[in-house]
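# Coordinate analysis (summary)
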Amino acid sequence: MECNFKTFKRRFRISSEKQALQEVDNLLESIAGFPYWVNKIKIIQQQVFNHEPAWEDLFPDCIFYQGKLILKFIYAGEHLINCKPSPLVTAQWDKIISNQPQDIKLKNYPDYVKLLVESPKHLTSEEILDPCSFLNKFYRKRSAIQWAKRWNQFREYATFTYSICEGDEGEYLEDFEYFLKLVEAIYLIHLSQKYIPLANS
């Protein structure tokens, strides 16, 4: 299985910011919405910690299809580090964080309720307003290739009939939190690119 996972790394590498934005748009708009990807990471996380894999949750899609597509987020994020949200987008998220829904007017966003439901749950308030700051932190901790290798390890560990992480729970939890935050940060950058301009009034 590990040899199979290794082949996925080259397949999903990304070479530019433009390609990264295209891949992210495909992941979040054509394949599935933002909560879907967060849920897949959580399923893998749960199975890494479990002693008995829930095969009906893991195979075939979660491990082999959606699981490998998470690699695209890892490689895309590396090229989005300098893709800052516009001040208008930042102002809207600031109002969401401050719970001022009456002041939020998203000109091009079709479903405001959906936006609130899909708001990030793992990023800090500061990271929501500046998702690139988290991306910088993410790739300082490990390179994209090292993160891809880590994710492939987690996908493999999820299939083990024992918990691989006993004694290393803190490190494993932190890495899964980083993966969840990665998807959230990329989602925010995606929204910033897709739903500009926002209405001022």
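Below is a short write-up of the structure. Quick caveat: nothing in here was measured; it's all calculated off a predicted structure.

Along the backbone of the protein chain there are eleven helices and zero strands. Put simply, the protein chain runs from its N terminus to its C terminus through helices and strands in the order α-α-α-α-α-α-α-α-α-α-α. The burial tally for the protein chain puts 50% of its 201 residues in the buried class. A sequence separation of at least 24 residues applies to 83% of the contacts in the protein chain between residues at least 6 apart.

Moving on: the packing of helix α3 (residues 34-49) against helix α11 (residues 169-194). Contact pair α3 / α11: the axes reach a minimum separation of 10 Å and the direction vectors enclose 170 degrees. Between α3 and α11, the interaxial angle falls into the category roughly antiparallel. Together, Phe34, Trp37, Val38, Ile41, Lys42, Ile44, Gln45, Val48 and Phe49 of α3 and Glu169, Tyr172, Leu173, Phe176, Phe179, Leu180, Val183, Glu184 and Tyr187 of α11 make up the contact between the two elements. Its residues assigned to classes, the contact of α3 with α11 shows 14 nonpolar, one polar and three charged.

Before going further, it helps to examine the nonpolar core. Judged by nonpolar contacts, the single largest core of 52 residues is most densely connected at Trp37, Phe73, Leu135, Trp151, Phe154 and Leu182. Of all the elements in the fold, those that place two or more residues in this core are α2 (17-31), α3, α5 (61-77), α6 (87-97), α9 (131-141), α10 (144-157) and α11. By residue number, the principal contributor to this core is α11, which donates 13 residues. Here Trp37 is in contact with Leu27, Leu28, Ile31, Ala32, Gln66, Leu69, Ile70, Phe73 and Val183, once residues within four sequence places are set aside.

Enumeration according to the criterion identifies 17 aromatic pairs in this entry. Considering the side-chain rings of Tyr36 and Trp37, the 5.2 Å spacing of their centres and the 85 degrees angle between planes classify their relative orientation as edge-to-face. Members of the aromatic cluster, connected to one another through ring pairs, are Phe134, Phe138, Tyr139, Trp147, Trp151, Phe154, Tyr157, Tyr172, Phe176, Tyr178 and Phe179. Across from the ring centre of Trp147, 4.7 Å away, lies the NZ or CZ of Arg142, which sits over that ring.

All right, on to the pattern of salt bridges then. Once their charged atoms are close, side chains differing in charge can pair, the charge on each being opposite to the other. This structure, assessed with the given rule, holds seven salt bridges. Between Lys181 and Glu127 there is a salt bridge, with its nearest N and O atoms 3.2 Å apart. With Lys181 in helix α11 and Glu127 in helix α8 (residues 125-129), this pair connects stretches of sequence that are 54 residues apart. Exposure remark for Glu127: the relative accessible area of 9% places this residue in the buried category. Salt bridges linked by common partners bring Lys141, Arg142, Arg150, Glu171, Glu174 and Asp175 together as one network.

What follows deals with the environment of Val38. With respect to the helices and strands, the residue Val38 is situated in helix α3. As for Val38 and Lys181, which are separated by 143 residues in sequence, their C-alpha atoms are 9.1 Å apart. Those residues in contact with Val38, other than ones at most four positions away along the chain, are Leu180 and Val183.

Running from N to C, α9 and α11 point in directions that differ by 140 degrees, and their axes come no closer than 9 Å. Classified by the angle their axes make, α9 and α11 are oblique. Handedness of the α9/α11 crossing: left-handed. For the pair α9 and α11, the contacting residues are Pro131, Cys132, Phe134, Leu135, Lys137, Phe138, Tyr139 and Lys141 in the first and Glu174, Asp175, Tyr178, Phe179, Lys181, Leu182, Ala185, Ile186, Leu188 and Ile189 in the second. By residue class, the composition of the contact of α9 with α11 is 13 nonpolar, no polar and five charged.

Turning our eyes to something else, we now look at the environment of Ala20. Tracing the backbone through its elements, the reader meets Ala20 in helix α2. With 56 residues separating them in the primary sequence, Ala20 and Ala76 have C-alpha atoms 4.5 Å apart. Residue contacts for Ala20: discarding those within four places in its chain leaves Ile14, Ala76, His79 and Leu80.

Further remarks concern the side chain of Glu23. Of note, Glu23 is situated in helix α2. Within the structure, the side chain of Glu23 is placed 3.0 Å from the side chain of Lys72, a separation counted as a polar contact.

Criteria and thresholds
Residues numbered from 1 in each chain as written. Predicted model: local features only at pLDDT ≥ 70, side-chain atom pairs only at ≥ 80, totals over all residues. Heavy atoms only, no water. Helix = DSSP H or I, 4+ residues; strand = E, 2+ residues; numbered from the N terminus. Buried < 20%, exposed > 50% of the residue type's maximum accessible area, 1.4 Å probe, protein only. Contact = heavy atoms within 4.5 Å. Axes fitted to C-alpha atoms, helices over the stretch in contact; angles between N-to-C directions. Parallel < 35°, antiparallel > 145°, perpendicular 65-115°, else oblique. Nonpolar A, V, L, I, M, F, W, Y, C, P; charged D, E, K, R; others polar. Core = buried A, V, L, I, M, F, W, Y, C linked by side-chain atoms within 4.5 Å. Phe/Tyr/Trp six-rings, centres within 6.5 Å; stacked < 30°, edge-to-face > 60°. Lys NZ or Arg CZ within 6 Å of the ring centre and 35° of its normal. Salt bridge = Lys/Arg side-chain N within 4 Å of Asp/Glu carboxyl O. Left-handed = near helix turned anticlockwise from the far one by under 90°. Polar contact = N/O pair within 3.5 Å; in protein donor to acceptor, adjacent residues only side chain to side chain.

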